[in-house]
Amino acid sequence: MAAPTSQQPSVTEREARQVAEAAREQGWRKPSFAKELFLGRFRLDLIHPHPQPAGEDVRRGEEFLAKLRDFCETRIDSARIEREARIPDEVINGLKELGALGMKIDIKYGGLGLTQVYYNRALALVGSVNPAIGALLSAHQSIGVPQPLKIFGTQEQKDTFLPRCARTDITAFLLTEPDVGSDPARLATTAVPDGDSYVLDGVKLWTTNGVVADLLVVMARVPKAEGRKGGITAFVVEADSEGITVENRNAFMGLRGLENGVTRFHRVRVPAANRIGPEGAGLKIALTTLNTGRLSLPAMCVGAGKWCLKIAREWSAAREQWGKPVAFHEAVGQKISFIAATTFALEAVVDLSSQMADENRNDIRIEAALAKLYGSEMGCLMADELVQIRGGRGFETAESLAARGERAVPAEQLLRDLRINRIFEGSTEIMHLLIAREAVDAHLSVAGDLIDPEKSLSDKAKAGAKAGGFYARWLPKLVAGPGQLPNSYGEFNPDGHVDLSGHLRYVERSARKLARSTFYAMSRWQGKMETKQGFLGRIVDIGAELFAMSAACVRAEHLRATGEHGREAYQLADVFCSQSRVRVDELFGRLWHNTDELDRKVTKGVLGGSYTWLEEGIVDPSGDGAWIADATPGPSKRENVHRPIR
């Protein structure tokens, strides 16, 4: 058996990009609303009329939500979890008995078989009580063992592991390492073939659920060899296997009940039968799993927004300043309007994306990524606005409020708990790049060789001919469209309701403008386009706003058509779209008028030591130690803090 390596794989920027590109899902076999939007084509027909769940799915979903609500109200003490920094075992066992571990697992394996819509609503509900519980259930089902096995597992693997995942076993997903985050090409954990097994060596960081997990999905690098492709590969690993040590339970600014740790593998033997998919398919499995898995985070942000709205409403009516409730002071009222409108739109985005995932008629990889990006950013903003509305009480802990006789409102805790969502499962910065890559996929497929410096002149000539035909057909369509016709989208202007058709015309015009801007940038920067992260981030943020506006209008019309708060829904959609249009106009302006170049110069100066004088006059309270912990493979020297819950 080959000895494990102790060195980090050395890769160039280009090699790292090639690894990420190889893992990306290449084809588009189904239509995508968001992909079309970035190409300047507003395909409202792909999302309107709003897709609907089947009656039986609704019945089972509502039945479970009723049981889960009762459990949340009677069995979960969120203040205790915050105080003790741990979810009590009896709560987790109660969730197991309820079937919450198997919400997304098929009934034939002992799960509840809920749709994505109801799974997300369940996460929003339980996450509103305590986000750490939502994170535990999400990490187990959205990215843990059940989801990759559902898509890529063999029948034997499903029969073996899914019944356990549905009722008893908590699972975790292990990809990140101390020196490897969003650059998986440098993955150092190895899986060396040895007979009918693989031997794992390495260290994994931030293993959510890892402290209490029974089963793990582990990403490790199989060495290349003669007749063996090798590469990053996924494995199902028993968490109590010999050689696995949970060396630390990590603590964070929020999600204090999160069972997140550092896990070391030392000569851990894993049967080859536990490999998920072929060797080298690990990253593809991880990314495909996240296509719908990412919807869990914005779902919990929806729950947070609903709670923010409830507290803002109740508090702003009770608190008086200068002779009237603070809600009627414009500075506070604007914040309440923002929370209400954004919660409506975010729920529209999540419900629409989830229902499309259930129907499986559309490719929602961009929609899910946009939902995660938009939900995590807007969720933090809503929580921050709630803290501001509450004033000093927003900054005060719930425990302190209760101690002096006031309602224990954990507003500051919510702000701390939500902050990680901008980092979890792809940081905002990485999501910008991931979505931007998908958004320009059509361009790269026809013109990629033109801007690739390593392609030959003959390749570039062929690409030029191919691109010429594509752009000759595509560019003229970006000049005019339905957004310029005053009667377009008339069904969104029903009698007696606010007119939403103008907002949809704005979306259509803006989609074409977005596509023109992207094309111009590619023509201007060509191969350097991928380095213009500020520009790409704004392009994606515009797309996210346009998607949210579309979803909000479609949801409002659906609620009107079904008689459920239609008038109020139209009002919320109208104010959200009006707020969103202000943001979109600003983003369009910043595409070409910004400080990106100046920022690059200052950054270079900071790292070069030009401004160290600016740091004088302080004392750094940081402790000693390495910036990145040593992750050299070998036996553990720490106590094993793994504690499976029985």
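Residues numbered from 1 in each chain as written. Predicted model: local features only at pLDDT ≥ 70, side-chain atom pairs only at ≥ 80, totals over all residues. Heavy atoms only, no water.

1. Some points on the pattern of salt bridges
Summed over the entire model, instances satisfying the criterion amount to 45 salt bridges. The shortest N-O distance in the salt bridge between Arg80 and Glu90 comes to 3.0 Å. Here Arg80 is found in helix α4 (residues 78-84), whereas its partner Glu90 is found in helix α5 (residues 89-98), with 10 residues between them in sequence. Note that Asp363 and Arg365 form a salt bridge whose closest N and O atoms lie 2.7 Å from each other. Asp363 sits in the buried class, given a relative accessible area of 10%. (Salt bridge = Lys/Arg side-chain N within 4 Å of Asp/Glu carboxyl O. Helix = DSSP H or I, 4+ residues; strand = E, 2+ residues; numbered from the N terminus. Buried < 20%, exposed > 50% of the residue type's maximum accessible area, 1.4 Å probe, protein only.)

2. Notes on helix α6 (residues 116-129)
The terminal C-alpha atoms of α6 lie 20 Å apart, and with 14 residues this matches the ideal 20 Å at 1.5 Å per residue to within 8%. Every buried residue belonging to α6 is among Gln116, Val117, Tyr118, Tyr119, Asn120, Ala122, Leu123, Ala124, Leu125, Val126 and Gly127, and all of these are buried. Looking at the buried positions of α6, the neighbouring elements they touch are α3 (55-75), α7 (131-143), α10 (282-293), α11 (296-318) and α12 (330-359). (Expected span 1.5 Å × (residues − 1). Contact = heavy atoms within 4.5 Å.)

3. What about the packing of aromatic side chains?
If you walk through the whole model with that rule in mind, you get 13 aromatic pairs. Ring centres of Phe470 and Tyr471 lie 4.9 Å apart, and the angle between their planes is 75°; this geometry places the pair in the edge-to-face category. A residue is classified by how much of its surface remains accessible, and Phe470, at 16% relative accessible area, is buried. Connected via pairs of aromatic rings, a cluster forms that spans Phe33, Phe42, Tyr489 and Phe547. Sitting over the face of the ring of Trp28, Lys35 holds its NZ or CZ atom 5.3 Å from the ring centroid. We note Arg365 situated over the ring of Trp28; from NZ or CZ to the ring centre the distance is 3.7 Å. (Phe/Tyr/Trp six-rings, centres within 6.5 Å; stacked < 30°, edge-to-face > 60°. Lys NZ or Arg CZ within 6 Å of the ring centre and 35° of its normal.)

4. Side note on the nonpolar core
Leu370, Phe492 and Phe576 are the most contacted members of the largest nonpolar core, which has 93 residues in total. Take this core: its biggest share by element is 16 residues, from helix α21 (residues 533-561). (Core = buried A, V, L, I, M, F, W, Y, C linked by side-chain atoms within 4.5 Å.)

5. What to know about the environment of Tyr520
Relative to the assigned elements, Tyr520 resides in helix α20 (residues 501-525). A sequence separation of 86 residues divides Tyr520 from Val606, and the C-alpha atoms of the two residues are 32 Å apart.

6. So, the packing of helix α13 (residues 365-390) against helix α17 (residues 428-439)
Where α13 meets α17, the closest approach of the two axes is 10 Å, and the angle between their N-to-C directions is 155°. In terms of orientation, α13 and α17 fall into the roughly antiparallel class. Seen along the crossing, α13 lies across α17 with a hand that is left-handed. From α13, Arg365, Ile366, Ala369, Leu370, Lys372, Leu373, Ser376 and Glu377 reach across to α17, where they touch Thr428, Met431, His432, Leu434, Ile435 and Glu438. Considered class by class, the residues forming the contact of α13 with α17 number 7 nonpolar, 3 polar and 4 charged. (Axes fitted to C-alpha atoms, helices over the stretch in contact; angles between N-to-C directions. Parallel < 35°, antiparallel > 145°, perpendicular 65-115°, else oblique. Left-handed = near helix turned anticlockwise from the far one by under 90°. Nonpolar A, V, L, I, M, F, W, Y, C, P; charged D, E, K, R; others polar.)

7. A look at a nonpolar patch on the surface
Residues Val602, Val606, Leu607, Tyr611, Trp613 and Leu614 make up a contiguous nonpolar surface patch of about 660 Å² in total accessible area. Along the chain, Tyr611 turns up in the segment after α23 (596-607). (Patch = residues over 30% accessible without salt bridge, like charges linked within 9 Å, V, L, I, M, F, W, Y side chains within 5 Å. Areas by Shrake-Rupley, 256 points an atom, 1.4 Å probe, with all protein chains shown as cover.)

8. Some points on the UniProt feature "domain: Acyl-CoA dehydrogenase/oxidase N-terminal" (unreviewed entry) in the chain
With numbering aligned to this structure, UniProt lists the feature "domain: Acyl-CoA dehydrogenase/oxidase N-terminal" (unreviewed entry) at residues 62-167. Taken end to end, residues 62-167 comprises 74% helix and 0% strand; its first and last C-alpha atoms sit 20 Å apart. (UniProt positions renumbered as here; feature names shortened; annotations may be inferred.)

9. Side note on unusual backbone geometry
Residues His48 and Pro49 are joined by a peptide bond in cis, for which omega reads 0°. One non-glycine residue, Leu255, adopts positive backbone phi at about 50°. Mapped onto the elements of the fold, Leu255 is located in the loop between β6 (244-249) and β7 (260-271). Under the relative-accessibility criterion, Leu255 is labelled buried at 7%. In this structure, Tyr489 is a non-glycine residue whose phi angle is positive, near 60°. For Tyr489, the location among the structural elements is in the loop between α19 (457-474) and α20. Judged by its relative accessible area of 13%, Tyr489 is buried.

10. Observations regarding the packing of α13 against helix α16 (residues 411-419)
At their nearest, the axes of α13 and α16 sit 9 Å apart, and the two run at 160° to each other. The orientation of α13 with respect to α16, classified from their angle, is roughly antiparallel. The handedness of the crossing between α13 and α16 is left-handed. Contacts between α13 and α16 involve Gly379, Cys380, Ala383, Asp384, Leu386 and Val387 from the former and Ala411, Glu412, Leu414, Leu415, Leu418 and Arg419 from the latter.

11. Quick look at the side chain of Asn421
Inspection of the secondary structure assignment puts Asn421 in the loop between α16 and α17. We classify Asn421 as buried; its relative accessible area is 6%. When sequence neighbours within four positions are dropped, the list of residues in contact with Asn421 reads Leu297, Cys301, Lys372 and Ser376.

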